[in-house]
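Remarks on the overall topology
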Amino acid sequence: MAVPVAFFALFFAYPVTAIVGRGLKAEGDWQFGRIGEVLSRPDILDVLWFTTWQALASTALTLLIALPGAYVFARFDFPGKQVLRAVVTVPFVLPTVVVGTAFLALLGRGGLLDELWGVRLDTTVWAILLAHVFFNYAVVVRTVGGLWSQLDPRQEEAARVLGAGRFAAFRRVTLPALVPAVAAAALMVFLFTFTSFGVVQILGGPAYSTLEVEIYRQTAQLLDLPTAAVLTLVQFAAVGGILAVHAATVRRRERALKLVDPAQTSRRPRGVGQWALLGGVLLTALLLILLPLGVLVERSLDGPGGYGFGYYEALQSVGAGGSSTFLVPPLGAVGNSLRYALVATLIALVVGGLAAAALTRRAGRLVRGFDALLMLPLGVSAVTVGFGFLITLDKPPLDLRTSWILVPLAQALVGVPFVVRTMLPVLRAVDDRLREAAAVLGASPLRAWREVDLPLVRRAVLVAAGFAFAVSLGEFGATVFIARPDNPTLPVAVARLLGRSGELNYGQAMALSTILMLVCAVSLLLLERIRTDRSGEF
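Residues numbered from 1 in each chain as written. Predicted model: local features only at pLDDT ≥ 70, side-chain atom pairs only at ≥ 80, totals over all residues. Heavy atoms only, no water.

Turning our attention to the overall build of the protein chain. Assigned secondary structure in the protein chain consists of 24 helices and six strands. A burial count over the protein chain gives 54% of its 538 residues as buried. (Helix = DSSP H or I, 4+ residues; strand = E, 2+ residues; numbered from the N terminus. Buried < 20%, exposed > 50% of the residue type's maximum accessible area, 1.4 Å probe, protein only.)

And the structure:
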């Protein structure tokens, strides 16, 4: 636990505490009375209520739509499976401003829905919910499907032989084994929707505001740092309470499972029902995932003189069309993002892997509390973290404001919770008797981990690496404050272009978004091939 505790204390707790402290102090004295004043305001109460219920609704809708997909990816073998698995993960790394714009083109004035049926969903909660499902579909598919594919189907088949129906066998055999993974996926989806910013700001309009949107508005527009500090504390407390309840309830349901090679559980669909389920999942992916992504590609190619690659060619020069948005060609952001994401992934795997290993040991309340604390970066305002980095990491020996490592550190903060939540259910499912047998045969703890745990969790490590790499590519909230002007990441570059008027800037933003989408898809496809090639080494 030493390395994860030190990492989170230095790069999360310290910056957040410093920025909140500045908001609650006046002339050197703490002003805790401001908390009651802010929370008694009707407009703030409306924000709290909307933030909570839309997060619950988004989580429920995401589970409803994505769980069939998790089953299909875990149990069925069909052509193009690896490509489709990579495609459904792409939305997770796209900047929220880009996705919001894509859904606005689909659901807003003059959008596809408006042209076909004369219906508009922008400035409604339905547009927000659909965009949240678009973002988080891959979270459920990968987190739940990763464990589901390693559960021995013969246990459920044995229950059916003994007289249980299909639903009863699933409810009493498979579902209890999936509860930790489902709970972990639901937790991650809830945290992301609870702290939603770009989607709500673009699709919700002035009528809807989450805590994250209100923190940004109070900080950047109204310059009311005390109100923003109070809202940050509320968000922090709410997320901490949710994580504590999750740690207390889910842990009671975890038990040792018999894990098998995923190749033994995957087969081609049989019967009309299974083919219909596969068709339904493919149709969902087409309408929910591919259609918004197709809008991005179409807009990146639709130039003033017709379809072509004019916007992509403009990315190779500085100040194209009179723009002074960048000090370097926007295309250079591709290399920056890849380098930062690789370093952030390595940091997240080391910190998250050590944390998951520590949490497996069930060493009392301290470790259980640490389990909840690891998820807090997903529930704390990225605006707060970004500002905190700037005002705290500015003095020796940690004067990192001009160092390139600052960006990967911020990205790794978001990647670590995904590594922990992906690896922990699998680590806890490993039978302790295997480790004990290795110890009896003379293996040291390190060798027992290498020979017993690592082969069983290798697949989870690769899935965790994919998640960490994906979220690092798409991290925007904190990176926008600390990325240097001469080394922007892809999301920062897209936001800068969208923030400027002009058709050329907008087209370049769509082109960069398409490049980000393709880079992520190729990276995830390579990961799928490596994972498939090594999945039989158990």
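Looking now at a positive patch on the surface. Positive charge collects at one region of the surface, where Arg160, Arg166, Arg267 and Arg270 lie side by side. Tracing the backbone through its elements, the reader meets Arg270 in the loop between α13 (262-265) and α14 (271-301). (Patch = residues over 30% accessible without salt bridge, like charges linked within 9 Å, V, L, I, M, F, W, Y side chains within 5 Å. Areas by Shrake-Rupley, 256 points an atom, 1.4 Å probe, with all protein chains shown as cover. Salt bridge = Lys/Arg side-chain N within 4 Å of Asp/Glu carboxyl O. Lys, Arg positive; Asp, Glu negative; His and termini not counted. Charge placed at Lys NZ, Arg CZ, Asp CG, Glu CD.)

Moving on to the side chain of Glu214. Structurally, Glu214 is set in helix α11 (residues 211-221). If near-sequence neighbours (up to four positions away) are discounted, Glu214 is found in contact with Ile44, Val47, Ser209 and Leu231. (Contact = heavy atoms within 4.5 Å.)

Here we take up the pattern of salt bridges. This structure, assessed with the given rule, holds two salt bridges. When the shortest N-O distance is used, the salt bridge between Arg41 and Asp43 registers 3.1 Å. Of the charged contacts in the structure, one is a salt bridge between Arg217 and Glu214, with a shortest N-O distance of 2.6 Å. Of this pair, Arg217 and Glu214 both sit in helix α11, three residues apart, roughly one helical turn. A relative accessible area of 30% means that Arg217 is categorised as partly exposed. For Glu214, a relative accessible area of 4% translates into the label buried.

A separate point is the side chain of Thr479. You can see Thr479 is positioned in helix α22 (residues 479-482). A polar contact of 2.3 Å, which involves the side chain of Thr479, links it to the side chain of Glu475. When residues no more than four places from it in sequence are discounted, the contact partners of Thr479 are Val407, Gln411, Thr489 and Val492. (Polar contact = N/O pair within 3.5 Å; in protein donor to acceptor, adjacent residues only side chain to side chain.)

Taking 1.5 Å as the rise per residue, helix α1 (residues 2-24) with 23 residues should run 33 Å; its terminal C-alpha atoms sit 31 Å apart, in good agreement. Along α1, the positions that sit buried rather than exposed are Pro4, Phe7, Phe8, Phe11, Phe12, Pro15, Val16, Ile19, Val20, Gly21, Gly23 and Leu24. (Expected span 1.5 Å × (residues − 1).)

What follows deals with the packing of aromatic side chains. Considering all chains together, one arrives at 13 aromatic pairs under this definition. Arranged with centres 5.5 Å apart and planes meeting at 55 degrees, the rings of Phe7 and Phe11 form a pair that is tilted. Residue Phe7 and its partner Phe11 are both found in helix α1; the two are separated by four residues, about one turn of the helix. Judged by relative accessible area, Phe7 falls into the buried class, the value being 7%. On the basis of relative accessible area, Phe11 is assigned to the buried category, the value being 10%. Note on Phe73 and Phe78: the rings are 6.2 Å apart at their centroids and 55 degrees apart in plane angle, and the pair reads as tilted. Assigned by exposure class, Phe73 and Phe78 land together as buried. (Phe/Tyr/Trp six-rings, centres within 6.5 Å; stacked < 30°, edge-to-face > 60°.)

The tendency in soluble globular proteins is for nonpolar side chains to be buried as a group. If you look at the biggest cluster of nonpolar residues, it comprises 152 residues, and the most contacted ones within it are Phe7 and Phe389. What Phe389 contacts, discounting residues up to four positions off in sequence, is Phe11, Pro15, Leu406, Leu409, Ala410, Leu413 and Ile482. Residues Val430, Ala438, Val452 and Leu456 belong to the second largest nonpolar core, which totals five residues. (Core = buried A, V, L, I, M, F, W, Y, C linked by side-chain atoms within 4.5 Å.)

Averaged over all residues, the pLDDT of the protein chain equals 79, while 87% of them reach at least 70. Of all secondary-structure elements in the protein chain, the lowest mean pLDDT belongs to α13, at 62, while helix α3 (residues 42-75) reaches the highest, 91. Overall, residues 534-538 carries pLDDT values under 50, and its contacts beyond four positions in sequence, including any with other chains, amount to 13 contacts. (pLDDT = per-residue confidence, 0-100.)

All right, on to a nonpolar patch on the surface then. Together, Leu112, Leu116, Trp117, Val119, Leu283, Leu286, Leu287, Leu290 and Leu291 make up an exposed nonpolar region whose accessible area comes to about 850 Å². Those elements that provide at least two residues to the nonpolar patch are α6 (112-117) and α14. Relative to the helices and strands, Leu286 is located in helix α14. Note on Leu286: relative accessible area 44%, which makes it partly exposed.

We now examine the environment of Leu504. Note that Leu504 resides in helix α24 (residues 503-534). Taking the C-alpha atoms as reference points, Leu504 and Gly310, 194 residues apart in sequence, are found 9.2 Å from one another.

Between helix α5 (residues 96-107) and α14, the least distance of the axes is 9 Å, while the angle of their chain directions is 95 degrees. Considered as vectors, α5 and α14 are oriented roughly perpendicular to each other. Residues Val98, Thr101, Ala102, Phe103, Ala105 and Leu106 of α5 touch α14, and the partners they reach there are Leu291, Pro292, Val295, Leu296 and Arg299. Taken together, the residues that form the contact of α5 with α14 break down as nine nonpolar, one polar and one charged. (Axes fitted to C-alpha atoms, helices over the stretch in contact; angles between N-to-C directions. Parallel < 35°, antiparallel > 145°, perpendicular 65-115°, else oblique. Nonpolar A, V, L, I, M, F, W, Y, C, P; charged D, E, K, R; others polar.)

Glancing now at the packing of helix α7 (residues 125-148) against helix α21 (residues 445-474). Running from amino to carboxyl end, α7 crosses α21 at an angle of 170 degrees, the nearest separation of the two axes being 11 Å. By the angle class used here, α7 and α21 are roughly antiparallel. Judged by residue contacts, Ala138, Val139, Arg142, Thr143 and Gly146 of α7 engage Arg459, Val463 and Phe467 from α21. Considered class by class, the residues forming the contact of α7 with α21 number four nonpolar, two polar and two charged.

Before going further, it helps to examine helix α19 (residues 406-429). The terminal C-alpha atoms of α19 lie 35 Å apart, and with 24 residues this matches the ideal 34 Å at 1.5 Å per residue to within 8%. Leu413 marks where α19 bends most, by close to 35 degrees; the proline Pro417 follows one to four residues later. Burial within α19 is extensive, with 24 of its 24 residues counted as buried. (Bend = angle between axes of the 7 residues up to and from the residue.)

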